[in-house]
Amino acid sequence: MPLTTTPEETPGGPTAPDRPFGAVLAAMATPFGPDGSADLDGAARLATHLVDAGCDGLVLGGTTGESATTSAQEKARVLGAVLEAVGNRAHVLAGAGSNDTARSVEAARAAEEGGAHGLLVVTPYYSKPPQAGVLAHFRAVADATGLPVMVYDIPGRTGTPVAVDTFRALAEHPRVVAVKDSKNDLLAASLVMASTDLAWYSGEDALNLAHLAQGAAGVVSVVAHAAASTYRQMVDAVDAGDLATARALHVRLLPVVDAMMNRTQGAASASAVAQLLGATTSRTVRLPLVELDDDQLEHLRGALTEAGLL
């Protein structure tokens, strides 16, 4: 069963945000063996490492999980391995996004059958639908199962942002409960948070502090592969009203955020971090992504060391 997180259970007490999926979620990489096959033992080890480090949620089969190049069967097997490893200790969300609504509905139903605690559903990509189509797509997926839905807004990858009014309409659906915001529009985020009860999650590590400071429920983080415990401290500090501590933690992580998110692709850097920390045995990713070269790996190692994470 998924965990239940209420405002009263968070360090900030009754004033902390509602957190339907926890506060510190990792956008988890999918581990692959050197031959490129999905590494289920590695997925279980990585999930355990992340939860032990401070994550109370994991998002599988998203951008960092290389959803575009993993099959439905592989996604199901990874979900099963992670649920077996940590499903009683963390919220486990499964990616069910596509630019084909029928396929998204199918993926959502498969995730529910597989035991997922919630769904991550990305804006339809490539097709560039109008907002009426975006709204209808999310409603169709949310109607297809009994699982709570986190809407994933990342127009840099999809080509289509979710408009503020579309979020307001989605908030009326009983199973659309949260947003992973990778749009990098703090004003739009504030407008939606002020006018709906959607739980807001930062999906851009560079803006984690900014989103938390303006009321976000938590983060869905790539950098959490290296810094879950630090992000837990940041969330606790913001809940306590200690922005000076939260800012100091933000500054400490800047070299890691830069190394993981600006110097290469997030899935490749997350896979490399998992290997460096001993959670997995390989940093393999699938084409068209490529694993970090030796120079990139040494830069990442240096950033982790500078931040006291390695």
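This is a predicted model, so every value here is computed, not measured.

*Asks:* Which parts of the structure should I look at to understand the sheet that holds strand β7 (residues 199-202)?
*Replies:* Here we have eight strands rolled up into a closed barrel, ordered β1-β2-β3-β4-β5-β6-β7-β8, and parallel in their pairing. The average angle at which neighbouring strand axes cross in this sheet is 25°, direction not considered. Bridge count between β7 and strand β8 (residues 218-221): two bridges; the pairing is parallel. Bridge assignment links Ser202 to a residue of β8, and that residue is Val219. Running at roughly 170° to strand β2 (residues 57-60), helix α2 (residues 72-86) makes contact with β2 and β3 (91-95) of the sheet.

*Asks:* How should I be thinking about unusual backbone geometry in this particular structure?
*Replies:* Residues apart from glycine generally show negative phi values, whereas peptide bonds are mostly found in trans. Here the residue pair Leu287 and Pro288 is connected by a cis peptide bond, since its omega of 15° sits within 30 degrees of zero. Note that Pro288 resides in the loop between α11 (266-276) and α12 (294-306). For Glu66, which is not glycine, the phi torsion reads 55° and is therefore positive. Note that Glu66 resides in the loop between β2 and α2. When its relative accessible area of 4% is taken as the criterion, Glu66 is described as buried. Even without being glycine, Lys128 reaches a positive phi, approximately 50°. Turning to its location among the elements, Lys128 is positioned in the loop between β4 (118-122) and α4 (131-144).

So, how was this worked out
- Residues numbered from 1 in each chain as written.
- Predicted model: local features only at pLDDT ≥ 70, side-chain atom pairs only at ≥ 80, totals over all residues.
- Heavy atoms only, no water.
- Pairing = 2+ DSSP bridges.
- Helix = DSSP H or I, 4+ residues; strand = E, 2+ residues; numbered from the N terminus.
- Axes fitted to C-alpha atoms, helices over the stretch in contact; angles between N-to-C directions.
- Contact = heavy atoms within 4.5 Å.
- Buried < 20%, exposed > 50% of the residue type's maximum accessible area, 1.4 Å probe, protein only.

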